Amino acid sequence: MLNTDNKLFQYFLQAINYSFFMAVIWYFSSSPSYRQLEEGKSIITVSFAHAGEIKEPCHRRTQEELMALPPNMRAPMDCTRERSPIKIEISLDGNLVYSESAEAPGFYKDSGVDIYHAAEVSSGSHRLAIKMDDSVLKEGFDYTFEQDIELKPAQILLVDFLPGRGFLIK
Amino acid sequence: MKRAYLALESWFNVSFGTEWNPMYHLGTLTFFLFWIVLVTGLYLFGIFHGSIDGAYDSVEYITHEQWYIAGVMRSLHRYASDAAVITILLHMFKEFAAGRYKGFRWFSWVSGLPVLWLVVTLGITGYWLVWDELAQYVAIGSARLLDSLPIFTSSMASNFLEGEMTDRFFILIEFLHLLGQPLILFFLLWLHVKRLSNVDINPPRGLAMGTLLALLVLSFVKPAVSHGPADLTSMPTVLQLDWFYLNAYPLMDYWSEGKTWLLATAITFVLMLLPWVPPKKDVPVAVVDLAHCNGCELCFDDCPFEAISVQARTDGARFEKEVVVDPALCAACGICMGSCPSSNPFRQSEDELKTGIDMPSLPVDKIRSMTDKAIAEMSGDTKVLMIGCEHGFNVNRLDNNDTKGLKLFCSGMIPPTLVEYALKKGADGVMIVGCRHNDCFYRFGNLWIDKRFTGERKPILRKRADRRRIRVFGGSETDKKSIEKELQAFRNEVMQIKDEPASSVQVEDKGEQDA
């Protein structure tokens, strides 16, 4: 049985408890260390926002169709709002590493698509190829990009897409 | 699990005593840690520069240039936050192990869960503001987590690419950390204790000082430092994570964002459903009998859960007020019955003893009968009536020819006149064994009984009751040895004074448990 009537002894026990409490905080506030990225690895991030082409071609309304509409809605062209999905394929040294077909967001599927993909790859020299299709009306990929890249360890290589310029490394 | 908790509690009783035992003050200790975080945070806010270019440098200034004040403040800010996670988790463990999360307590349990999650997110935004490599990891990880939800149409992670990060986004996080989240936290804390009366948010001074001193020592011995500055062109490789707050991120790297959300959601749902699994049987709540209530409000003052309110008299009686019980808030602890002056077993006006506020499943009349029966069943030289509660030590375990146990819902359910009545009816001594001192299942049962016996709280024990024949002791189911020892000591004292005339001496009140 511990003698708890002894105040000094009780303070000593309290010091032990506080020390243990602080030791737990000491350790877990920064340990064990966490390795997020293995040595000799780098990151390729492909990130861009792009709206696909309108999914269906516009249709010129006939006279009958126009007359069937209320007077204030008689626009000559009937265009759908829905946009094509964005299809993207990323290859590294000829191997497909990422492939996605992203539907346009929004209730009418008429908004732009945000693509964000970060891939962990080995550092060093690679051949990067990116293909993107933004229209269901045309066969094949509308944009292609291919370039030799040199990745330093832990480097984040950022690939962006700008309308009119296509893919580019930032 | 309960035994593990009781063992831990016993250990702290040995080293801190029952008044400073941190297991009895986990809630208030968390409040105290929040105060430390708030005060240190306000100081740091004065020096911190809330921009992408200025944040890291200002934190470096805080850490290294003005280490003796600001650096210590930063360390205290971090370590008090870490300590708060520990006290919150221990608080949850304690309430769960002691079964204090079911029935009427569902509200406190459920409203406490968002506090935990909010504290975690508060810590996350705090790490974000340093804008070092760890902040970069946390920012991108948080963005990935949010992007995986079908909420945002644009990618949040794309904000953390080289050249994309803006001060506006940084200021948004700063606003969240400094104002938005703390305000929500204070609201949630208010909600968490809303159904409790006499809420104390301050721990005992000694415990608070000890905790602050320990955190200060840690802050000097191991000052909080930053990683290298955030660099969005390269990935941080090795990170010194604060595992109290950032444990979800490695899990997300190992699993996926979706699975991490799924796990967090599953844990939350399981914890939220716990109060109803398995369903708890409804206990009849306290009932007011206006014919015996004079509106004295003692039950209103004593109710630990704000279940009793006072209103104007509705029955035309000459008294001004009456009390009303809210069944949704009533814990059926019976403390109100113990505080009612009408719960006096000496009353003989009617065949059935009635009181102003009673418990239908264990009315005061039945308690009087049980007392009579227990005393009649004892045949030894020194008859000791032990009155216990449902959540502490089972007093019936010590039944024999000169000891009988009487189990009530809570020790606070005992009207002082009942003790006097038992002594008058032939008991040589009355020993009250409630929950461990400062750890009443119904919050204030053993505290109120102490105060009633020492005359600090009405209804008081009348002076004509011989206090030497009354013993109050706290104990749990694991404290049989110490309770037996205390009972034997009490019996010896009672034997010595048995034939003496009754006199008024100080009440014995001890609360030690098995160590």
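On to the overall build of chain A, then. Each helix and strand counted, chain A has two helices and 11 strands in total. Secondary structure elements in chain A, listed N-terminal to C-terminal, are α-β-β-β-α-β-β-β-β-β-β-β-β. Taken over the C-alpha trace, chain A has a radius of gyration of 30 Å; the compact-globule value for 170 residues is 15 Å, which it surpasses by more than 25%. With the C-alpha coordinates of chain A rotated into their principal frame, the extents come out at 105 × 50 × 25 Å. Relative to its 170 residues, chain A shows a buried fraction of 37%.

On a plain count of helices and strands, chain B comes out with 16 helices and 10 strands. Along the three orthogonal principal directions, the C-alpha set of chain B runs to about 90 × 50 × 40 Å. In chain B, buried positions account for 56% of the 515 residues. Expressed as a percentage of contacts within chain B between residues at least 6 apart in sequence, the contacts between residues at least 24 apart total 73%. Approximately 22700 Å² of chain B is accessible, and the part contributed by carbon and sulfur atoms is 60%. Averaging the coordinates of the 50 positive side-chain charges in chain B and doing the same for the 58 negative ones gives two points 9 Å apart.

This paragraph deals with helix α15 (residues 445-453) of chain B. Residues and elements named next belong to chain B. Buried residues dominate α15, accounting for seven of its nine residues. Those residues of α15 that sit buried are Gly-445, Asn-446, Trp-448, Ile-449, Asp-450, Arg-452 and Phe-453. Positive phi shows up at Gly-455, right after α15, with a value of about 80 degrees.

On to helix α8 (residues 205-221) of chain B. Here α8 of chain B is 17 residues long and its end C-alpha atoms lie 24 Å apart, about the 24 Å a rise of 1.5 Å per residue gives. All buried positions along α8 of chain B are accounted for by Gly-206, Leu-207, Ala-208, Gly-210, Thr-211, Ala-214, Leu-215, Leu-218 and Ser-219 of chain B. Taken together, the buried residues of α8 of chain B touch α1 (7-28) of chain A together with α1 (2-20), α2 (26-47) and α4 (67-97) of chain B.

Okay, unusual backbone geometry next. Residue and element names in this part refer to chain B. Looking along the chain, the bond that leaves Val-277 and enters Pro-278 is cis, with omega of -10 degrees. Summarising the element assignment, Pro-278 is placed in the loop between α10 (257-273) and β2 (287-288). Each neighbour pair has its own omega, and for Lys-458 with Pro-459 the value is -5 degrees, a cis peptide bond. Residue placement: Pro-459 occurs in the loop between α15 and β9 (470-474). The phi torsion at Ala-332 lies on the positive side, around 55 degrees, for a residue other than glycine. With respect to the secondary-structure elements, Ala-332 resides in the loop between β4 (321-325) and α12 (335-339). Residue classification places Ala-332 among the buried positions, given a relative accessible area of 5%. If you check the backbone angles, Arg-443 has positive phi at about 75 degrees while not being a glycine. Considering the arrangement of structural elements, one finds Arg-443 in the loop between β8 (429-434) and α15. The partly exposed category is assigned to Arg-443, whose relative accessible area is 21%.

Below, the discussion takes up the sheet that holds strand β9 (residues 143-151) of chain A. Residue and element names in this part refer to chain A. Read across the sheet, four strands follow the order β6-β5-β8-β9 without closing on themselves; strand pairing throughout is antiparallel. Where the open sheet ends on each side, the last strands, each with one partner, are β6 (95-102) and β9. When strand polarity is set aside, the average angle formed by the axes of neighbouring strands in this sheet is 15 degrees. Sheet analysis places strand β5 (residues 86-92) next to strand β8 (residues 124-133), joined by six bridges and oriented antiparallel.

Throughout the structure, instances matching the rule amount to one disulfide over all chains. With a sulfur-sulfur separation of 2.0 Å, Cys-58 of chain A is cross-linked through a disulfide to Cys-79 of chain A. Negative torsions about the S-S bond denote left-handed disulfides, and the value of about 115 degrees found for Cys-58 of chain A with Cys-79 of chain A makes this one right-handed. With Cys-58 of chain A in the loop between β2 (41-50) and β3 (59-60) and Cys-79 of chain A in the loop between β4 (77-78) and β5, the pair connects residues that are 21 residues apart, well separated along the chain. With a relative accessible area of 39%, Cys-58 of chain A lands in the partly exposed category. In this model Cys-293 of chain B remains outside any disulfide bridge; the closest cysteine sulfur is found in Cys-299 of chain B, 6.4 Å from its own. Cys-333 of chain B takes part in no disulfide bond, and the closest cysteine sulfur, belonging to Cys-410 of chain B, lies 5.8 Å away. Assessed through its relative accessible area of 7%, Cys-333 of chain B is described here as buried.

We now examine the packing of α2 of chain B against helix α7 (residues 167-192) of chain B. Residue and element names in this part refer to chain B. Two numbers describe how α2 lies on α7: the axes approach to 13 Å, and their chain directions differ by 155 degrees. By the angle between their axes, α2 is roughly antiparallel relative to α7. Crossing hand, α2 versus α7: left-handed. Judged by residue contacts, Phe-31, Phe-34 and Phe-45 of α2 engage Glu-174, Leu-178, Leu-185 and Leu-189 from α7. Split by residue class, the contact of α2 with α7 holds six nonpolar, no polar and one charged.

This part is about the interface of chain B and chain A. In this assembly, 50 residues from chain B lie in contact with 35 residues from chain A. Buried surface at the junction of chain B and chain A, summed over both partners, amounts to about 3800 Å²; 66% is from carbon and sulfur atoms. Counting the surface chain B buries against chain A, the share from its top three residues, Lys-222, Met-235 and Trp-243 of chain B, is 15%. Where chain B packs against chain A, one counts zero salt bridges. Applying the counting rule to chain B against chain A returns 18 residue pairs in polar contact (both at pLDDT 80 or more). Among the elements of the structure, α1, α4, α6 (133-147), α8, β1 (238-239) and α9 (248-254) of chain B are those that each provide at least two residues to the side of chain B that touches chain A. Two strands pair when backbone bridges link them, and strand β1 (residues 34-35) of chain A and β1 of chain B are joined in this way by two bridges, in the antiparallel orientation. Counterpart to Arg-35 of chain A in the pairing with β1 of chain B is Val-238 of chain B.

This brings us to the side chain of Ser-91 of chain A. Inspection of the secondary structure assignment puts Ser-91 of chain A in strand β5. Ignoring sequence-local partners within four residues, the contact set of Ser-91 of chain A consists of Leu-96, Val-97, Arg-127, Leu-128 and Ala-129 of chain A.

For the rest of this paragraph, the subject is the packing of aromatic side chains. The tally for this structure, following the rule as stated, stands at 31 aromatic pairs over all chains. Pairing Tyr-34 of chain A with Tyr-137 of chain B gives two aromatic rings, centres 5.9 Å apart and planes at 45 degrees, and the pair type is tilted. In this pair, Tyr-34 of chain A is assigned in strand β1 and Tyr-137 of chain B in helix α6, connecting two distinct chains. With respect to class, Tyr-34 of chain A is no different from Tyr-137 of chain B; both count as buried. Ring centres of Trp-128 of chain B and Phe-169 of chain B lie 6.2 Å apart, and the angle between their planes is 40 degrees; this geometry places the pair in the tilted category. One end of the pair, Trp-128 of chain B, is in helix α5 (residues 106-129); the other, Phe-169 of chain B, is in helix α7, and 41 residues separate them in sequence. For Trp-128 of chain B, a relative accessible area of 3% corresponds to the buried category. Here the aromatic residues Phe-48, Tyr-143, Phe-145, Phe-161 and Phe-167 of chain A are joined through ring pairs into a cluster of three or more. Just above the ring of Phe-107 of chain B sits the side chain of Arg-195 of chain B; from NZ or CZ to the centre is 4.5 Å.

Conventions used here
- Residues numbered from 1 in each chain as written.
- Chains lettered and ligands numbered in written order.
- Predicted model: local features only at pLDDT ≥ 70, side-chain atom pairs only at ≥ 80, totals over all residues.
- Heavy atoms only, no water.
- Helix = DSSP H or I, 4+ residues; strand = E, 2+ residues; numbered from the N terminus.
- Rg over C-alpha atoms; globule rule 2.2 N^0.38 Å.
- Buried < 20%, exposed > 50% of the residue type's maximum accessible area, 1.4 Å probe, protein only.
- Contact = heavy atoms within 4.5 Å.
- Areas by Shrake-Rupley, 256 points an atom, 1.4 Å probe, with all protein chains shown as cover.
- Lys, Arg positive; Asp, Glu negative; His and termini not counted.
- Charge placed at Lys NZ, Arg CZ, Asp CG, Glu CD.
- Expected span 1.5 Å × (residues − 1).
- Pairing = 2+ DSSP bridges.
- Axes fitted to C-alpha atoms, helices over the stretch in contact; angles between N-to-C directions.
- Disulfide = S-S within 2.5 Å.
- Parallel < 35°, antiparallel > 145°, perpendicular 65-115°, else oblique.
- Left-handed = near helix turned anticlockwise from the far one by under 90°.
- Nonpolar A, V, L, I, M, F, W, Y, C, P; charged D, E, K, R; others polar.
- Buried area = accessible area lost by both parts, 1.4 Å probe.
- Salt bridge = Lys/Arg side-chain N within 4 Å of Asp/Glu carboxyl O.
- Polar contact = N/O pair within 3.5 Å; in protein donor to acceptor, adjacent residues only side chain to side chain.
- Phe/Tyr/Trp six-rings, centres within 6.5 Å; stacked < 30°, edge-to-face > 60°.
- Lys NZ or Arg CZ within 6 Å of the ring centre and 35° of its normal.

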